[in-house]
Each structure stands twice: as structure tokens, then as C-alpha cells.
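# Structural overview
Spelled out from the first residue to the last, the chains are:
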Amino acid sequence: ESVHLPTAPGVTWTASTTDTSLVDIGEAKDETMPDGSTHHVVKVTPKVSGNAVVKFEKRQGDAASPVVETRNINFMIH
């Protein structure tokens with residue numbers, strides 16, 4: 001699965017999950033879309049059946065900066 005998040009210069013997104021037995025959080029990088037916009041794309045790989053939550057935290061600056069937005073994505077793995 002690929003999670004697309006809005007991004008801009010200076011924005012940092014971090015991803016985490018409390019249940020690493022259900023999902024792997026993989027490569028994350030900025031990608032230019034066909035319309036010219038830039039998305040931060042994070043690969044999330046389901047491992048076994050279950051319900052997992054991946055939390056994405058947005059910061060203006062590096063990973064030590066305060067969180068300015070949080071998004072939770074629910075994965076229902078069958």
C-alpha cells in the first residue's frame with residue numbers, strides 16, 4: 001500500500017505503528033505527481049490478517065520539531 005500525504009518545502013512526515021506484527025513501514029520519499037504536485041509517499045506492507053493503525057505526524061522542520069498535524073490510517077488486513 002502507498003500512503004500519499006501533502007508536502008511542501010521544510011515539511012517532515014514520520015510514520016509509526018504500535019503493532020509491527022501486522023504491518024511494516026517501508027520506504028518514504030517525496031514524489032512528483034503527473035499534475036506537478038509533490039506528495040510524500042510512504043510504503044506500508046501488510047503482514048498478517050488483522051486491524052492495524054499507522055500514525056503519521058507532520059512537522060515543519062526536522063523530526064525534533066513540534067508536531068503540527070497528526071493523521072491515523074486504519075488498515076483492515078484480510
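These remarks concern the structure in this document. (Residues numbered from 1 in each chain as written. Predicted model: local features only at pLDDT ≥ 70, side-chain atom pairs only at ≥ 80, totals over all residues. Heavy atoms only, no water.)

### Observations regarding the sheet that holds strand 1 (residues 2-6)
Quick note on the threshold: Being paired, for any two strands, means DSSP has found at least two bridges between them. Helix and strand labels come from DSSP, where a helix needs a run of H or I of at least four residues and a strand needs a run of E of at least two; each type is numbered from the N terminus. Lines fitted to the C-alpha atoms define the axes, with helices restricted to the stretch that makes contact. Angles between their N-to-C directions range from 0 to 180 degrees.
Reading across the sheet, the 3 strands line up as 1-4-3 and stay open at both edges, with antiparallel pairing between neighbours. In this open sheet, the two strands that pair with only one neighbour each are strand 1 and strand 3 (23-32). On average, each strand axis in the sheet is inclined to that of its neighbour by 25°, with strand direction left out of account. By the bridge criterion, 5 bridges tie strand 1 to strand 4 (residues 38-46) in an arrangement that is antiparallel. For His4, the partnering residue across the bridge sits in strand 4 and is Val41.

### Quick word on the nonpolar core
As a reminder of what qualifies: Only buried residues count toward a nonpolar core. Its members are Ala, Val, Leu, Ile, Met, Phe, Trp, Tyr and Cys residues joined through side-chain atoms within 4.5 Å. Only protein chains enter the accessibility calculation, which uses a 1.4 Å probe; a residue whose area is less than 20% of its type maximum is buried, one above 50% is exposed, and one in between is partly exposed. Pairs of residues are marked as contacts when any of their non-hydrogen atoms sit within 4.5 Å.
By size, the foremost hydrophobic cluster in this structure holds 13 residues, and its most contacted members are Val23, Val44, Phe56 and Phe75. At the level of secondary structure, the elements contributing two or more residues to this core comprise strand 1, strand 2 (11-17), strand 4, strand 5 (50-60) and strand 6 (67-77). Broken down by element, this core gets its largest block of residues, 3 residues, from strand 5. If we skip the residues at most four places from it in the chain, Val44 touches Glu1, Val3, Val23, Asp24, Val54 and Phe75.

### Quick word on the pairing of strand 6
The pairing of strand 5 with strand 6 spans 10 bridges and is classified as antiparallel. Looking at the pairing, Gly50 lines up with Ile77 of strand 6.

### Some words on the pattern of salt bridges
The following threshold applies: Salt-bridge detection follows one rule: a side-chain nitrogen of Lys or Arg within 4 Å of a carboxyl oxygen of Asp or Glu.
Tallied over the full model, the rule gives 6 salt bridges. Here Asp24 makes a salt bridge to Lys47, at a shortest N to O gap of 3.5 Å. Of this pair, Asp24 sits in strand 3 while Lys47 sits in the loop between strand 4 and strand 5, placing them 23 residues apart in sequence. Glu69 is paired through a salt bridge with Arg71; the nearest N and O atoms lie 2.5 Å apart. Residue classification places Glu69 among the partly exposed residues on the basis of a relative accessible area of 25%. Shared partners join several salt bridges into a network, and the residues in it are Lys55, Glu57 and Arg59.

### Focus: the sheet that holds strand 2
Across the sheet, 3 strands lie side by side as 2-5-6; this open sheet has antiparallel pairing. Where the open sheet ends on each side, the last strands, each with one partner, are strand 2 and strand 6. Going from strand to strand, the sheet's axes swing by 20° on average, the running direction of each strand aside. The sheet contact formed by strand 2 and strand 5 spans 7 bridges and is antiparallel. Note on strand 5: the bridge partner recorded for Thr14 is Glu57.

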